[in-house]
Structure formats: structure tokens, C-alpha cells
Amino acid sequence: SVVLSTTVGAVAAYFGGLADVAFMRIADVMTMLPFIAILVVLSALFDFQLIHLALVYGLLVGFGGQTIVIKSQALTIKVKPYIDAARVAGGGDWHIILTHMFPNLMPLAFLYMMITVTGAVFTEAALSFFGLLNIRMSWGIMINTAQASGYLLAGPGYLHLMIPAGLAITLFCSAFYLVGRALDEVVNPRLRRR
């Protein structure tokens, strides 16, 4: 979803015109769709595996609000003097997009990557909790098993059945956030040491 939203946002901002209008109308429609409800309906209708969930989630989230925000950032980059200098020096459109716009969009893309991955983990856990995914084991299934056995409200003596899965989800999302913040310092051209 991050690759999709970054590419679409950069291309729409750079070229403008019909490409911009088409991509932004698709992004507007995707922003209005309740993607959790769509995932629940799709997983109830079809035999949903993790790869299917990843593809549908990536398309729904990647063409949504992320694209609009990244496009607005790309529009601010497009009017910078070094873009005009690269164009005057003979740089082609794709050369300018790949070598000048993408590196400056990467910090925002990594921020959205952190948000998207944590959202995907929570979405998978919620769909697994409701039994809508065809997978063998996940943290959502572990919490569902404790709930289905009647241990969810059985008192503090049974917390060991639910806390490890919930803690694993929380720690994984926190670890991914910290990795994303560390990568931000690597890919952000403004934070690089000279």
C-alpha cells in the first residue's frame, strides 16, 4: 500500500491533468469506503487466506487517504528549484520522479508504512478473532479460543490465556514503530549527516 500510494501520489502530482484527476477520484472513493466492513463481507463470502487479506488491504488503504497526503507533499516538492534545475539539465520525467521526488517522499512514506503495518496487524487479529480468516493460528485466534471457552470474563485467574496474545500484538506494533523511526533517520535527506 505504501509503494502504491507513493507512486500514485508522485505521478499524479508531477504530471497533473487527466492522470491527477483519475487517481484522485479513485482515492476519494477509497477514502469513503469502510474497509473493515468490506473485509468482513469479503472474508465471509470467500475463502480468505493471509495473502488475499494483504492484497485487498493494501489496495484499499493504498489508494485511500495516503495517496492524497503524499500527493500534496509531492506538489510542494515539484515546485522546488532543484526540480526545475534537473528539468533544464535534461532530466526526463521519470528520472526526476525517481531521483528527486521519491527520496524526499520517503520519510512520509515510512510514516505511513508504520501506520499501515500496525493497522494491518490489528485488522488481521480482529478478523481472526471473529473466525473470518482461513488460517491455522494467529493472535486473534488465540484470544478467540479463550473467549469461546468462557475464560474472557472468568476472572483474574485466567488472564494468562489472553494477555500473551494481546501483549504480542502490542509489542510487535511498538517494535515496528521503533524500526520505522530508525529508518526515517536513514532515508530522510534532511536528517542525513554530511
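Predicted, not measured: the structure shown is a model, and the values here were computed from it.

Time to look at the pattern of salt bridges. Inspection of the entire model under this criterion finds 3 salt bridges. Of the charged contacts, one joins R25 and D28 as a salt bridge, the two residues approaching to 3.0 Å between their closest N and O atoms. Of the two residues, R25 and D28 are both situated in helix α2 (residues 17–32); the distance of 3 residues between them amounts to about one turn of the helix. Classification of R25 by relative accessible area gives partly exposed; the value is 47%. Exposure remark for D28: the relative accessible area of 31% places this residue in the partly exposed category. Notably, a salt bridge pairs D84 with R87, separated by 3.0 Å at the nearest N-O pair. Within this pair, D84 and its partner R87 are both found in helix α6 (residues 81–88), separated by 3 residues, close to a single helical turn. With a relative accessible area of 38%, D84 lands in the partly exposed category.

With respect to the helices and strands, E124 occurs in helix α7 (residues 93–129). Looking at E124, its side chain comes within polar contact range of the side chain of S128, at 2.6 Å. Apart from residues no more than four positions distant in its own chain, E124 is found in contact with L50, L53, L133, I135 and S138.

Before going further, it helps to spend a moment on the nonpolar core. With 15 residues, the main nonpolar core has I97, M101 and L105 as its most contacted residues. Of all the elements in the fold, those that place two or more residues in this core are α1 (2–15), α5 (65–78), α6 and α7. The leading source of residues in this core is α7, at 7 residues. What L105 contacts, discounting residues up to four positions off in sequence, is T6, A10, I70, Q73, A74 and I77. Counting residues in each nonpolar core, the second largest holds 10 residues, with L53, V61, L132 and I135 among its members.

A few words now on helix α8 (residues 139–148). Residues of α8 that are buried: G140, I141 and A146. Among the structural elements, α7 are those in contact with the buried residues of α8. The opening residue of α8, the one whose side-chain oxygen lies 3.3 Å from the backbone nitrogen of G140, is S138. One or two steps after α8, the chain reaches G150, where phi turns positive at roughly 90°.

Moving on, we get to the packing of α2 against α5. At a closest axis distance of 8 Å, the pairing of α2 and α5 adopts a crossing angle of 140°. Between α2 and α5, the interaxial angle falls into the category oblique. For the pair α2 and α5, the contacting residues are D20, M24, A27, D28 and T31 in the first and G65, T67, I68 and K71 in the second. Counted by class, the contact of α2 with α5 contains 3 nonpolar, 3 polar and 3 charged residues.

Looking now at the packing of aromatic side chains. To describe a pair of aromatic rings, you give the distance between the ring centres and the angle between the ring planes. This model, assessed by the stated rule, comprises 5 aromatic pairs. Summarising the aromatic geometry, the rings of W139 and F172 are spaced 6.1 Å apart at their centres and angled 55° between planes, so their arrangement reads as tilted. In this pair, W139 sits in helix α8 while F172 sits in helix α9 (residues 163–187), placing the two residues 33 residues apart along the sequence. Among the residues examined, F172 registers a relative accessible area of 38% and is labelled partly exposed. Members of the aromatic cluster, connected to one another through ring pairs, are Y14, F15 and W94.

Rules behind the numbers
- Residues numbered from 1 in each chain as written.
- Predicted model: local features only at pLDDT ≥ 70, side-chain atom pairs only at ≥ 80, totals over all residues.
- Heavy atoms only, no water.
- Salt bridge = Lys/Arg side-chain N within 4 Å of Asp/Glu carboxyl O.
- Helix = DSSP H or I, 4+ residues; strand = E, 2+ residues; numbered from the N terminus.
- Buried < 20%, exposed > 50% of the residue type's maximum accessible area, 1.4 Å probe, protein only.
- Polar contact = N/O pair within 3.5 Å; in protein donor to acceptor, adjacent residues only side chain to side chain.
- Contact = heavy atoms within 4.5 Å.
- Core = buried A, V, L, I, M, F, W, Y, C linked by side-chain atoms within 4.5 Å.
- Axes fitted to C-alpha atoms, helices over the stretch in contact; angles between N-to-C directions.
- Parallel < 35°, antiparallel > 145°, perpendicular 65-115°, else oblique.
- Nonpolar A, V, L, I, M, F, W, Y, C, P; charged D, E, K, R; others polar.
- Phe/Tyr/Trp six-rings, centres within 6.5 Å; stacked < 30°, edge-to-face > 60°.

Just geometry here; none of it tells us what the structure is for.
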